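Spelled out from the first residue to the last, the chains are:
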Amino acid sequence: MTQDEAKGLVARRAAELVADGMVVGLGTGTTATLFIRELAARKLDIRCVASSDASHQLAESLGMRVATLKELPELDVYVDGADEVCAGAGGGLDLIKGGGGALLREKIVASAAREFIVVADSTKAVEVLGKFPLPVEVIKMALPLVEPKLAAQGLHPKLRAAKSGDGPYVTDEGNYILDCACGRIEEPEVTAAEIRSIVGVVEHGLFLGMATLALVSGEDGVKELRAQDLQAHAMR
Ligand code: 5RP
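A brief report on the enclosed structure follows. These numbers come from a predicted model, not from an experiment.

1. Observations concerning the site of the ligand
Item 1. Taken together, 17 residues sit near the ligand, with Thr 30, Thr 31, Asp 83, Lys 97 and Gly 98 positioned nearest.
Item 2. Thr 30 is positioned with one of its side-chain polar atoms (N or O) 2.4 Å from an oxygen atom of the ligand.
Item 3. Take Gly 81: an N or O atom from its main chain is 3.3 Å from an oxygen atom of the ligand.
Item 4. Across the complex, the protein chains shield 92% of the 380 Å² of accessible surface that the ligand would expose by itself.
Item 5. Tallied by class, residues from the shell around the ligand come to two nonpolar, nine polar and six charged.

2. A word on the pairing of strand β6 (residues 93-96)
Working note: regular strand, side chains alternate between the two faces of the sheet.
Item 1. The alternating pattern of β6 places Leu 93 and Leu 95 and Asp 94 and Ile 96 on opposite faces, both of which are buried.
Item 2. The sheet contact formed by strand β5 (residues 84-87) and β6 spans four bridges and is antiparallel. When the bridges of β6 are listed, Cys 86 appears paired with Asp 94.
Item 3. Joining the antiparallel neighbours β5 and β6 is a turn of five residues, in which Gly 91 adopts a positive phi near 90 degrees.
Item 4. Here β6 runs beside strand β12 (residues 206-211); their pairing, made up of four bridges, is antiparallel. Bridge pairing in β12 links Asp 94 to Leu 208.

3. Focus on the pattern of salt bridges
Item 1. Taken as a whole and assessed by the stated rule, the structure comprises 16 salt bridges.
Item 2. Residue Asp 220 pairs with Lys 223 through a salt bridge whose shortest N-O separation is 3.2 Å.
Item 3. One network of salt bridges, in which partners are shared, links Asp 53, Arg 105, Asp 172 and Glu 173.

4. Regarding the packing of helix α2 (residues 30-42) against helix α3 (residues 53-61)
Think of two packed helices as two axes; the pair is described by the angle between the axes and how far apart they sit.
Item 1. Orientation of α2 relative to α3, taken along the N-to-C sense of each, is 20 degrees, at an axis distance of 10 Å. Here α2 is positioned roughly parallel relative to α3, judged by the angle of their axes. Like other packed secondary-structure pairs, α2 and α3 cross with a definite hand, here right-handed. Contacts between α2 and α3 involve Thr 33, Ile 36 and Arg 37 from the former and Ser 55, Leu 58 and Ala 59 from the latter.
Item 2. Across the contact of α2 with α3, the residue classes tally to three nonpolar, two polar and one charged.

Thresholds, definitions, all that
- Residues numbered from 1 in each chain as written.
- Predicted model: local features only at pLDDT ≥ 70, side-chain atom pairs only at ≥ 80, totals over all residues.
- Heavy atoms only, no water.
- Near = heavy atom within 4 Å.
- Polar contact = N/O pair within 3.5 Å; in protein donor to acceptor, adjacent residues only side chain to side chain.
- Areas by Shrake-Rupley, 256 points an atom, 1.4 Å probe, with all protein chains shown as cover.
- Nonpolar A, V, L, I, M, F, W, Y, C, P; charged D, E, K, R; others polar.
- Buried < 20%, exposed > 50% of the residue type's maximum accessible area, 1.4 Å probe, protein only.
- Helix = DSSP H or I, 4+ residues; strand = E, 2+ residues; numbered from the N terminus.
- Pairing = 2+ DSSP bridges.
- Salt bridge = Lys/Arg side-chain N within 4 Å of Asp/Glu carboxyl O.
- Axes fitted to C-alpha atoms, helices over the stretch in contact; angles between N-to-C directions.
- Parallel < 35°, antiparallel > 145°, perpendicular 65-115°, else oblique.
- Left-handed = near helix turned anticlockwise from the far one by under 90°.
- Contact = heavy atoms within 4.5 Å.

Below is the structure:
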């Protein structure tokens, strides 16, 4: 099974969990895009809030009803991909997100949802977070201050370049992203607090204990995993 096929499997399973009348948060990235397409195909009577301009536009182009958090401040479920998923120390699921650059809005929309389903192929399931560079969203003018502070914390920040190669990547909220090659993040809560303490940091890609269920797909099909299952399933 290819990685794309695995992503398609979890996207379909997550779409099957949505029912008429729900308010659904739409994630961002290739897996979330597949989910949005599967969900649109079901033609349910639902309303959505998107975590990026790209997902908003895609959903509208597929005929879905998309609103803002002002109109829909409470969501039944948020569905999104992740760059890494592991069992958190607090008994929940911990994630690294933001590879697609939408971590800030993703965390905001996820925080408004009663359920957060993370959809991932099995390459994303890890024992310890940190192999994937941790994205940190930074106010543009603060970059010269934040970058050396992250470096002093040993996080090896690198300014993300635009896909076009034309200057830095700019998020939907107009900020920069520093991708931090942390290595193993043994104490994510501590790392998160240290990053948060730097003035000019808007958000980081550690989503600790926010996701309630992980749908993870591989050769054996789709597994529905909570934290304790992920410990056994982790690959690195
Ligand atoms: C975007 C994200 C994505 O969910 C994450 O990068 C996974 O992406 P993909 O589904 O394309 O592998 O956090 O900001």
